[in-house]
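# Observations on the three-dimensional arrangement
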Amino acid sequence: EDFLNGDLELDHQIPVRLAETRDEIILVWHFSNLALIDWHDNTTKRDLLPDGKYAHKLTPEEQKQRLNLYFSEGKLKEEYNNWYINKIQLTPRIP
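A short tour of the structure in this document, coming up. (Residues numbered from 1 in each chain as written. Predicted model: local features only at pLDDT ≥ 70, side-chain atom pairs only at ≥ 80, totals over all residues. Heavy atoms only, no water.)

### A word on helix α4 (residues 60-72)
In this model, α4 (13 residues) spans 18 Å end to end at C-alpha, consistent with the 18 Å of a helix rising 1.5 Å per residue. Here α4 has its buried residues at Gln63, Arg66, Leu67 and Tyr70. Down the axis of α4, the sector holding all buried residues measures 100 degrees, keeping them to one side. Of the residues in α4, the exposed ones pointing more than 90 degrees away from the buried face are Glu61, Gln65 and Ser72. (Helix = DSSP H or I, 4+ residues; strand = E, 2+ residues; numbered from the N terminus. Expected span 1.5 Å × (residues − 1). Buried < 20%, exposed > 50% of the residue type's maximum accessible area, 1.4 Å probe, protein only. Arc of directions from axis to C-beta.)

Right, dumping it as structure tokens:
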């Protein structure tokens, strides 16, 4: 219901902007890279990676390394969940 009301949005934990090839696009759209989060948090997060760096500030080589690292080592869920748990404790809620 929160999703349908617009209170929650579908978040790509690893931003779509990092994907260039067909295989990378499939990876970033895989269900394991998606999460429902508060719309305000999603807007604030933008292209923040689970390691705390913004994707748009990285060189193309660094972006590619991050994409490969998160999907090859299975680090994605653990780091993202830690980030989001910390984030929701800090985000002021608007009633």
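### Some remarks on unusual backbone geometry
At Arg46, a position not held by glycine, the phi torsion is positive, near 50 degrees. Considering the arrangement of structural elements, one finds Arg46 in the loop between α3 (39-45) and α4.

### Thoughts on a nonpolar patch on the surface
Taken together, Leu10, Val16, Ile25, Trp29 and Leu36 make up a surface patch of nonpolar side chains, about 450 Å² in accessible area. Looking at the secondary structure, you find Leu36 in strand β2 (residues 34-38). Judged by its relative accessible area of 49%, Leu36 falls in the partly exposed class. (Patch = residues over 30% accessible without salt bridge, like charges linked within 9 Å, V, L, I, M, F, W, Y side chains within 5 Å. Areas by Shrake-Rupley, 256 points an atom, 1.4 Å probe, with all protein chains shown as cover. Salt bridge = Lys/Arg side-chain N within 4 Å of Asp/Glu carboxyl O.)

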